[in-house]
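One letter stands for each residue in the lines below.
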Amino acid sequence: MLYIRYPLSLRQVEDILFERGIDICHETVRLWWNRFGPLFAAEVRKRRARHLSYSNWRWHLDEVFVKINGEMHYLWRAVDHEGEVLDVFVTKQRDRKAALKFLKRTVKRYGRPWAIVTDRLRSYGAALKTLGLEGLQVCGRWLNNRAENSHQPFRRREGAMAYFRDLKTLQKFVSVHASIHNLFNLERHLIRRSDFKENRPAALAEWRQLAA
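Computed from a prediction, not measured in an experiment: that's the story for all the values here.

Participant: Quick question: what am I supposed to make of the packing of aromatic side chains here?
Facilitator: Here a ring pair, both rings aromatic, is described through the centre-centre distance and the interplanar angle of the planes. By the definition in use, this model includes twelve aromatic pairs. Centroid distance tryptophan 33 to phenylalanine 173: 5.3 Å. Interplanar angle 90°. Geometry classified as edge-to-face. With tryptophan 33 in helix H3 (residues 26-50) and phenylalanine 173 in helix H8 (residues 167-184), this residue pair connects regions lying 140 residues apart in the sequence. Like tryptophan 33, the residue phenylalanine 173 is buried in the burial classification. On the numbers, 5.5 Å between centres and 85° between planes, the contact of tryptophan 76 with tyrosine 124 is edge-to-face. Highlighted residues: tryptophan 76 in strand S2 (residues 71-80) and tyrosine 124 in helix H5 (residues 122-131), separated in sequence by 48 residues. Each of the two residues, tryptophan 76 as well as tyrosine 124, counts as buried. Site record: aromatic cluster; members linked through ring pairs are Tyr3, Trp33, Phe154, Phe164 and Phe173. Over the ring of phenylalanine 184 we find arginine 5, and its NZ or CZ is 4.1 Å from the ring centre.

Here is the structure:
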């Protein structure tokens, strides 16, 4: 949880655990998140989908540039209007084929939304037309700020990890990171302090139940 949730390096997590009386190597932390991270993330997604923790009212789609060994790749993200990360997908291209594959994944998992907010990248329009969803697309200045802001936690982690070296590792990490972020994303600036004090221990208790 420490390594995925916070912008910490493997060695920083090793030092934090050492202060708590747990003496391990930083490579053990790497093995832990590789082995157990996807399992916990899948369970988090399953539980949140079961309780409908996401919204199909309006989705926000956006993509960011990610370098892997000096080569440019694209990280596609879909979030709902409340900031819940629905799906993340890494591709080498930013064309219609990549957008179509990303949209198919998301719609298959969560169903059809009422509206889809995107930027003016033509790949979105072409992919939505193929799926028969072109009437749902909404474009406009500042309308996609929700998606833009959702990139920030990942960008902080990317810097702490000194970037990525493998596409499969990037896809694996962003999927785990998105699920853990959803669990602990309480948006404390939008709710009362009393509500936040109730939700924070509930999220931590759910995580401990998963990891038990």
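Alright, that's what it looks like, and here's the rest.
Participant: Before we go on, may I ask you to explain the nonpolar core in this structure?
Facilitator: Buried together is how nonpolar side chains tend to be arranged in soluble globular proteins. Residues Tyr3, Leu75 and Leu170 are the most contacted members of the largest nonpolar core, which totals 36 residues. For this core, the secondary structure elements donating two or more residues are helix H1 (2-5), helix H2 (10-19), H3, strand S1 (59-68), S2, strand S3 (85-91), H8 and helix H9 (193-211). Examining the composition of this core, we find that eight residues originate from one element, H8, more than from any other. Contact partners of leucine 75, with chain neighbours within four places excluded, come to Asp62, Glu63, Val64, Val66, Val88, Phe89, Val90, Phe154 and Val174.

Participant: When you look at the packing of H3 against H8 in this model, what are you seeing that I'm missing?
Facilitator: Each pair of packed helices can be described by the angle between their axes along with the distance between the axes. Interaxial distance between H3 and H8 falls to 9 Å at its minimum, and their mutual angle equals 45°. One finds that H3 runs oblique with respect to H8. Pair H3 / H8 crosses with left-handed handedness. On the side of H3, the interface is formed by Trp33, Asn34, Gly37, Pro38, Ala41, Val44, Arg45 and Arg48, while H8 contributes Thr169, Lys172, Phe173, Ser175, Val176, Ser179, Asn182 and Leu183. For the contact of H3 with H8, the class distribution of residues is seven nonpolar, six polar and three charged.

How each quantity is defined
- Residues numbered from 1 in each chain as written.
- Predicted model: local features only at pLDDT ≥ 70, side-chain atom pairs only at ≥ 80, totals over all residues.
- Heavy atoms only, no water.
- Phe/Tyr/Trp six-rings, centres within 6.5 Å; stacked < 30°, edge-to-face > 60°.
- Helix = DSSP H or I, 4+ residues; strand = E, 2+ residues; numbered from the N terminus.
- Buried < 20%, exposed > 50% of the residue type's maximum accessible area, 1.4 Å probe, protein only.
- Lys NZ or Arg CZ within 6 Å of the ring centre and 35° of its normal.
- Core = buried A, V, L, I, M, F, W, Y, C linked by side-chain atoms within 4.5 Å.
- Contact = heavy atoms within 4.5 Å.
- Axes fitted to C-alpha atoms, helices over the stretch in contact; angles between N-to-C directions.
- Parallel < 35°, antiparallel > 145°, perpendicular 65-115°, else oblique.
- Left-handed = near helix turned anticlockwise from the far one by under 90°.
- Nonpolar A, V, L, I, M, F, W, Y, C, P; charged D, E, K, R; others polar.

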